[in-house]
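Here is how the chains run, residue by residue.
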Amino acid sequence: MVGGVKDWFGLVARLATGGVWIAAGALKLPHPADSVRAVRAYDLLPEAIVPTVGHLLPVVEIVIGLCLVLGVLVRGASVVSALLFLAFIIGISSAWARGLSIECGCFGGGGEIPDAAAAYPGEIVRDVGLLALSLWLVVRPASRLALDNVLFRTAHDPSTDPTTDHITDHEGRCLDGAEEELAQDR
Amino acid sequence: MAQKKSSHRTADEKAAAAAKREARRARTERSRAEAEERRKKAKRKEQLTRFGLIGAVLLLVVGGYFLITNLGSDKPDTAPAGASGDYGMVVGDADAPKSIVIYEDFLCPFCGQLEQTVGDQLDAAVEAGEVNVEYRPLPFLERISDYSPEAANAFAVVLDESGPEVAKAFHDLLFDNQPSEQGPFPSKDDLVDLAVEAGATEADVRPGIEDMTFEGWVNAAGDAASKAGVNSTPTVFVDGEKVEGQTMAEIAEAMVGTGS
């Protein structure tokens, strides 16, 4: 029962993190140059790799997002997802600490430049939450409605996987039967 | 316990029980081995599936990367005639005692406000030979709308075709007629109309505005600004010093103020 609830939570974690990655990647994809500039703005990476990272980032984001939403290679995708969120948290924190205003100071209609730094705490909280969900999936990748459940039946612990619980329990029952027999012998 | 119980049985019974036990054990052993074999086979198959999936994911990433790197503008970054070497247009006396550089985006509302606030004073100062100003338009808000790069390109086209004076008038008109960041955004036709209003000949500027002739130059301007550490618009430099003011009044003071 507890395993079932956890599986549903796994699904929620997958959809939340995966959805965020797909949205983030899709926003950047049409504007690669803009993505490169955004990476450069953090002023953390050497210029030699900035364009590569800027171009690679939206692609990786979308692929990881798709893996998580579909439930393919959940553990591997979650490891990458967690590392990316960690990198973003470090990037935003360091930009905040250095007093950089990364976002364009244009969005407010008021007379003063809206303080881009004001958005940093919220962004960090959001990313920490998503990092936590990613880590959950790294530790416990089993979840409902994941393609992995169909592709990798034996890899799952039957007690936590509802699909193997009743249908593919054949081997497990064999072992149980043998143990019963042995027990009767003693 | 079992020991004590079996002591009542005969030797034959004991042997039969032992044989039965042995057979049962062998059967168990066998079914266990078979299960193990099945499990191993399934494992191997799944391992293959896993490697296949990992390969597919890597292929997707690499393919997407090459696609996106070739997605960028293939237009050369040829500069419009009359442009400065730094992706801008300089107005005013080159030997003026004060030099101002403005990085701006025609869509950025705060750039528009800055223009409203200091535009006239700046023009007067340029007229009087006190300052020269370099306007560097950027496609900074291309994420929000294509209007941003389209307007910057139109500016370059007008500069190229009709010269700096018309381009400056066009620049001012773009800010006077600035759309909201929420849209609706002016079309390329609207840009042509504004260019004509600024004094350009429609036949000269329409093709360049419609074909994004200076898209490469506009993108290069964005990259150059990014490399110069300009991450927001407007960013103003006075005599090479970045104006760090946080309010409109502070920036305006640094640009046209009479104080220190």
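In this text, all values refer to a predicted model and were calculated from it rather than measured experimentally.

A. Fine view of the overall build of chain B. Counting its secondary structure elements, chain B contains 8 helices and 5 strands. Ordered by position from the N terminus, the helices and strands of chain B form the series α-α-β-β-α-β-α-α-α-α-β-β-α. Here the C-alpha atoms of chain B give a radius of gyration of 37 Å, more than 25% beyond the 18 Å that 2.2 N^0.38 yields for 260 residues. Taking the principal axes of the C-alpha coordinates as reference, chain B spans close to 130 × 45 × 30 Å.

B. Representation of the overall build of chain A within the structure. Looking only at helices and strands, chain A features 8 helices and 0 strands. Secondary structure elements of chain A occur, N-terminal to C-terminal, as α-α-α-α-α-α-α-α. Out of the 186 residues in chain A, the part that is buried amounts to 37%.

C. Geometry of the confidence of the model for chain A. Residue and element names in this part refer to chain A. Summary statistics for chain A give a mean pLDDT of 77 and a share of 72% for residues scoring 70 or more. The lowest-confidence element of chain A is helix 8 (residues 170-185), averaging 40 in pLDDT; the highest-confidence one is helix 3 (residues 50-70), averaging 94. Of the regions scoring below 50 in pLDDT, residues 104-113 engages in 24 contacts with residues more than four places distant in sequence or in other chains. For the stretch residues 157-186, pLDDT sits under 50, and the model shows 33 contacts to residues farther than four places along the chain or on other chains.

D. Structural detail: the environment of Ala13 of chain A. Examined against the element boundaries, Ala13 of chain A turns out to sit in helix 1 (residues 2-28). Considered as a pair, Ala13 of chain A and Val69 of chain A are 56 residues apart in the sequence and their alpha carbons are 9.3 Å apart.

E. Broad picture of the nonpolar core. Membership of the largest hydrophobic core comes to 55 residues, with the highest contact counts inside it found for Ala151, Phe155, Val158, Phe170 and Ala195 of chain B. Ranked by the residues each element gives to this core, the list is headed by helix 4 (residues 147-176) of chain B, at 13 residues. When neighbours within four sequence positions are excluded, Phe155 of chain B is seen to be in contact with Pro137, Ala167, Phe170 and His171 of chain B. Counting 29 residues, the second-largest nonpolar core is a separate cluster that includes Ile64, Leu73, Phe85 and Leu137 of chain A.

F. Highlighting the pairing of strand 4 (residues 235-238) of chain B. Residue and element names in this part refer to chain B. Pairing between strand 2 (residues 98-104) and strand 4: 4 bridges, direction antiparallel. Its bridge partner lying in strand 4, Tyr103 is registered against Thr235. Looking at chain direction, strand 4 and strand 5 (residues 241-242) are connected through 2 bridges and run antiparallel. Bridged to Phe237 within strand 5 is Lys242. The hairpin formed by strand 4 and strand 5 contains 2 residues between the paired strands, and Asp239 there has a positive phi angle of roughly 50 degrees.

G. Here's a closer look at helix 8 (residues 248-256) of chain B. All names here are of chain B. When helix 8 is considered as a whole, its buried residues turn out to be Ile251, Ala254, Met255 and Val256. Looking down the long axis of helix 8, one finds its buried residues gathered within 165 degrees of arc, a one-sided arrangement. The secondary structure elements touched by the buried residues of helix 8 are strand 2, helix 3 (109-127) and strand 4.

H. Region of the structure containing the packing of helix 4 of chain B against helix 6 (residues 202-211) of chain B. Residues and elements named next belong to chain B. Across the interface, helix 4 lies against helix 6 with an axial gap of 9 Å and an inter-helix angle of 145 degrees. For the pair helix 4 and helix 6, the sense of crossing is right-handed. Along the contact surface, helix 4 presents Asn153, Ala154, Val157, Val158, Glu161 and Ser162, while helix 6 presents Asp204, Val205, Gly208 and Ile209. In terms of residue class, the contact of helix 4 with helix 6 is built from 5 nonpolar, 3 polar and 2 charged.

I. Examining the packing of helix 5 (residues 188-198) of chain B against helix 6 of chain B more closely. Residues and elements named next belong to chain B. At a minimum axis separation of 10 Å, helix 5 and helix 6 run at an interaxial angle of 150 degrees. Remark: the crossing between helix 5 and helix 6 carries right-handed chirality. Of the residues in helix 6, those touching helix 5 at Lys188, Leu191, Val192, Ala195 and Val196 are Glu202, Val205, Arg206, Ile209 and Glu210. When grouped by side-chain class, the residues that make up the contact of helix 5 with helix 6 number 6 nonpolar, no polar and 4 charged.

J. Local environment of helix 5 (residues 120-139) of chain A. With 20 residues, helix 5 of chain A extends 28 Å from end C-alpha to end C-alpha; this agrees with the ideal 28 Å at 1.5 Å per step. Turning to helix 5 of chain A, its buried residues number three or more, namely Asp127, Leu130, Leu133, Ser134, Trp136 and Leu137 of chain A.

K. Structural view of the pairing of strand 3 (residues 131-137) of chain B. Within strand 3 of chain B, 5 of the 7 residues are buried, which leaves the element mostly enclosed by the surrounding structure. This β-α-β element, strand 2 of chain B to helix 3 of chain B to strand 3 of chain B, shows right-handed connectivity.

L. Representation of unusual backbone geometry in the model. Residue Pro184 of chain B follows Gly183 of chain B across a cis peptide bond; omega there is 0 degrees. Relative to the helices and strands, Pro184 of chain B resides in the loop between helix 4 and helix 5. A positive phi angle is found at Asp43 of chain A, which is not glycine, with a value near 55 degrees. Counting through the fold element by element, Asp43 of chain A comes out in the loop between helix 2 (32-41) and helix 3. The class of Asp43 of chain A is partly exposed, set by 16 C-beta atoms lying within 10 Å.

M. Structural view of the sheet that holds strand 1 (residues 89-91) of chain B. Residue and element names in this part refer to chain B. Spatially, 5 strands are ordered 1-3-2-4-5 in an open sheet, and the strand pairing comes out mixed. Strand pairing shows two members of the sheet lacking a second neighbour, strand 1 and strand 5, which therefore form its edges. Both strand 2 and strand 3 contribute to a ladder of 7 bridges, which runs parallel. Among the inter-strand pairings, Lys98 is bridged to a residue of strand 3, identified as Val131. Against the sheet, helix 4 touches strand 1 and strand 3, its axis set at about 5 degrees to strand 1. Sheet contacts for helix 8: strand 2 and strand 4; angle to strand 4, the most-contacted strand, approximately 30 degrees.

How each quantity is defined
- Residues numbered from 1 in each chain as written.
- Chains lettered and ligands numbered in written order.
- Predicted model: local features only at pLDDT ≥ 70, side-chain atom pairs only at ≥ 80, totals over all residues.
- Helix = DSSP H or I, 4+ residues; strand = E, 2+ residues; numbered from the N terminus.
- Rg over C-alpha atoms; globule rule 2.2 N^0.38 Å.
- Buried ≥ 20, exposed ≤ 12 C-beta atoms within 10 Å, placed from the backbone.
- pLDDT = per-residue confidence, 0-100.
- Contact = placed C-beta atoms within 7 Å.
- Core = buried A, V, L, I, M, F, W, Y, C linked by C-beta atoms within 7 Å.
- Pairing = 2+ DSSP bridges.
- Arc of directions from axis to C-beta.
- Axes fitted to C-alpha atoms, helices over the stretch in contact; angles between N-to-C directions.
- Left-handed = near helix turned anticlockwise from the far one by under 90°.
- Nonpolar A, V, L, I, M, F, W, Y, C, P; charged D, E, K, R; others polar.
- Expected span 1.5 Å × (residues − 1).
- Right-handed = clockwise from strand over helix to strand, strands pointing away.

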